[in-house]
Amino acid sequence: MPQAPSLPTVKISPRGADRLKDGHVWVYRSDIVSTEGILPGSLVRVTDHRGKPLGTALYSSSSQIAIRMLSHDPVADFSALLRQRIGDAIAYRARMVQNTDAHRVVFSEADFLPGLIVDRYNDILSLQILTQAMDTEPVRLAILAELTARLHPAAIAERVDPRVRELETLAPRESGLLQGEKTSTTFTMNGVQFRYEALEGQKTGAFLDQRENYAAAAQYAHGEALDVFCYQGGFALHLAPHCSQITGVDSSRPALEVADQNAALNQTLLKGKEIEWIEANAFDLLKDYATANRRYDIIVLDPPPFAKTKRDLDAALRGYKELNLRALKMLRPGGILVTCSCSYHVSQSNFLEMLASAAIDAHRTLRLIEVRGQAKDHPILLNVPETSYLKCVIASLS
Ligand code: SAH
């Protein structure tokens, strides 16, 4: 089939073409041979250096990732393709996601919609746009129309990441409602209720990628629990019904305020149990508690990403090891460690090696119970490793 003639052409180097042959969808700027006169955010035809067509892509004039592939074939109508893919993403969740009215509806490259993230929190949708191509007015309108037609949300909010807009040389924009008036709601994961404020909080609201890990961790919960880096209480609230005592720790007071409101929403589930929320630096608190000989039966560690780039890997692993070592020393025999990393640059094997080394230094023997990742509504493309980032290891102290 011939390529749509009207699209501008980007020629890429043999190394860039090899990357696409390996199933990846990105081509870096250093592998671009020519892009003359191509406007930021254009839909482009991609060819190898000899002119052989490789497919259709979205072009960014400023990101290091210059090309994000959309299709191996010509694309005549981007808007129609966008709408079809949003429909496919929704249908995939309908098959894969259970026990929740909150999930990621669209996960960028993993749903073949590079630069678009949509999360659903009950009747509110939260949208993030991360590329020039997704930011054009006709594309925005097509996205909103399709989401509205299929999901009928009470409101759609946009969460702006100013740093990403700067990197993509997009005009600054405020977070806010794009449609509807509702800005807060409650949502349910695994029978636990949470508050959602569309225009507050970190990320796009809750850490939906941990939803299945909350349920997994709850299976092994008993005795006294410590949820370190608890944010709005995701793990703590899931563990609480199974534990005699539970403490959540975070350095963010606003996050802990929501955690407390979440606990109030779940009174029936908690049967009058109080969760203690502590505002503290987790590193300092673990050190103090270890010195004071505090002991727990289950400890969750879910820190923010320590490795933002490949260069941070060694420092990140040292940080993870320090945390895990301290936690291991504070676990009672038979205790459970739930330890997470959301740094893409820390691979699963890096993380398991770090944990093994922490166990040796702590003079503890660990049995692996589960090696888990992100919830299924955050799909992983096997040939695009960057789509896989979350590790959640559940282990028991023998
Ligand atoms: N477990 C949470 C998500 C944790 S996100 C959930 O399932 O919802 C990481 C959290 O770490 C954030 O809430 C952030 O406020 C907190 N944080 C970052 N640095 C910290 C530190 N040094 N000490 C304590 N908390 C910290």
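Overview of the structure. (Residues numbered from 1 in each chain as written. Predicted model: local features only at pLDDT ≥ 70, side-chain atom pairs only at ≥ 80, totals over all residues. Heavy atoms only, no water.)

1. Structural notes on helix α9 (residues 282-291)
Quick note on the threshold: Exposure is judged per residue with a 1.4 Å probe applied to protein chains only, and the accessible area is read against the type maximum: over 50% gives exposed, under 20% gives buried, and values in between give partly exposed. Helix and strand definitions here come from DSSP, where helices need a minimum of 4 consecutive H or I residues and strands a minimum of 2 consecutive E residues; each element is numbered from the N-terminal end. An arc is given here, and it is the one of the directions from the helix axis to the C-beta atoms. When checking whether two residues touch, look at their non-hydrogen atoms; a contact exists if any pair is within 4.5 Å. Side-chain atoms alone can form a polar contact between residues adjacent in sequence; in general such a contact is a pair of N or O atoms within 3.5 Å, and within protein one must be able to donate a hydrogen while the other accepts it.
Restricting attention to buried positions, one finds in α9 the residues Ala282, Leu285, Leu286 and Tyr289. The arc that holds the buried residues of α9, viewed along the axis, is 100°, so those residues lie on one side. Buried residues along α9 sit in contact with β14 (224-228), β15 (245-250), β16 (275-279), β17 (296-301) and α10 (313-330). The N-cap residue of α9 is asparagine 281: its side-chain oxygen and the backbone nitrogen of phenylalanine 283 are 2.8 Å apart. Remark: asparagine 293 follows α9 within two positions and exhibits a positive phi of approximately 60°.

2. A short note on the site of the ligand
Spelled out, the test is: Here a residue counts as near a molecule or strand whenever at least one of its heavy atoms sits within 4 Å of it. For the area figures, the Shrake-Rupley method with a 1.4 Å probe applies, and any residue is considered shielded solely by the protein chains shown.
Taken together, 15 residues form the shell around the ligand, and within it Tyr214, Phe229, Asp250, Ala282 and Asp302 come nearest. Taking serine 251, its main chain carries an N or O atom lying 3.1 Å from a nitrogen atom of the ligand. The separation between a nitrogen atom of the ligand and a polar main-chain atom of alanine 282 is 2.8 Å. The protein chains hide 88% of the 580 Å² of surface that the ligand would expose on its own.

3. Some points on the packing of α9 against α10
Spelled out, the test is: For helices, the fitted line uses only the C-alpha atoms of the stretch in contact; every axis is such a line through C-alpha atoms, and the angle between N-to-C directions lies from 0 to 180 degrees. Orientation categories follow fixed angle ranges, with anything under 35 degrees roughly parallel, anything over 145 roughly antiparallel, 65 to 115 roughly perpendicular, and all other angles oblique. Left-handed describes a crossing in which the near helix is turned anticlockwise from the far one by less than a right angle; the clockwise case is right-handed. Here the term charged refers only to Asp, Glu, Lys and Arg, the term nonpolar to Ala, Val, Leu, Ile, Met, Phe, Trp, Tyr, Cys and Pro, and the term polar to all other amino acids, Gly among them.
The interhelical angle for the contact between α9 and α10, taken along N-to-C directions, is 30°, at an axis separation of 10 Å. When the axes of α9 and α10 are compared, the pair comes out roughly parallel. As for how α9 packs across α10, the hand of that crossing is left-handed. Contact residues: Phe283, Leu286, Lys287, Tyr289 and Ala290 in α9; Gly319, Glu322, Leu323, Arg326 and Met330 in α10. Along the lines of polarity and charge, the residues of the contact of α9 with α10 split into 6 nonpolar, 1 polar and 3 charged.

4. Quick notes on the pairing of strand β18 (residues 331-341)
For clarity, the threshold we go by: Two strands pair under a simple rule: DSSP has to find at least two bridges between them. When the strands point away from the viewer, a crossover counts as right-handed if the path from the first strand over the helix to the second runs clockwise.
β18 sits mainly inside the fold: 8 of its 11 residues count as buried. Here β17 pairs with β18 via 5 bridges, running parallel. When the sheet's bridge partners are listed, valine 300 is paired in β18 with valine 338. Where the polypeptide runs from β17 across α10 and back to β18, its parallel neighbour, the crossover connection is right-handed. Alignment of β18 against strand β20 (residues 391-397), held across 6 bridges, turns out to be antiparallel. Bridging from a neighbouring strand, leucine 337 pairs with alanine 395 of β20.

5. A short note on the pairing of β17
In terms of burial, β17 is largely enclosed, as 6 of its 6 residues are buried. Pairing between β14 and β17: 4 bridges, direction parallel. Note on β17: the bridge partner recorded for leucine 226 is isoleucine 299.

6. Overview of the sheet that holds β15
In space, the 7 strands of this open sheet follow the order β16-β15-β14-β17-β18-β20-β19, with mixed pairing throughout. Every other strand in the sheet has two partners, leaving β16 and β19 (366-372) as the edge strands with one partner each. Taken pair by pair, the neighbouring strands of this sheet meet at an average axis angle of 15°, ignoring direction. Summarising the sheet, β14 and β15 pair through 5 bridges and their orientation is parallel. Counterpart to alanine 225 in the pairing with β15 is isoleucine 246. Packing of helix α7 (residues 253-265) onto the sheet brings it into contact with β15 and β16, and relative to β16 it is tilted by some 175°. Running at roughly 150° to β14, α9 makes contact with β14, β15, β16 and β17 of the sheet.

7. Notes on α10
Defined as follows: By this rule, a helix spans an expected 1.5 Å times one less than how many residues it contains.
Between its terminal C-alpha atoms α10 stretches 26 Å, which fits the 26 Å expected from 18 residues at 1.5 Å a residue. Inspection of α10 places Ala316, Leu317, Gly319, Tyr320, Leu323, Asn324, Leu325, Ala327, Leu328 and Met330 among the buried residues, and these make up the whole buried set.

8. Looking at the environment of serine 244
Within the fold, serine 244 resides in the loop between α6 (234-239) and β15. Overall, serine 244 belongs to the exposed group, its relative accessible area being 53%. Residues serine 244 and serine 126, 118 residues apart in the sequence, show an inter-C-alpha distance of 36 Å. Filtering out sequence-adjacent residues up to four positions away, serine 244 remains in contact with Gly223, Glu224 and Lys273.

By themselves, these are just geometric observations and shouldn't be taken as functional.
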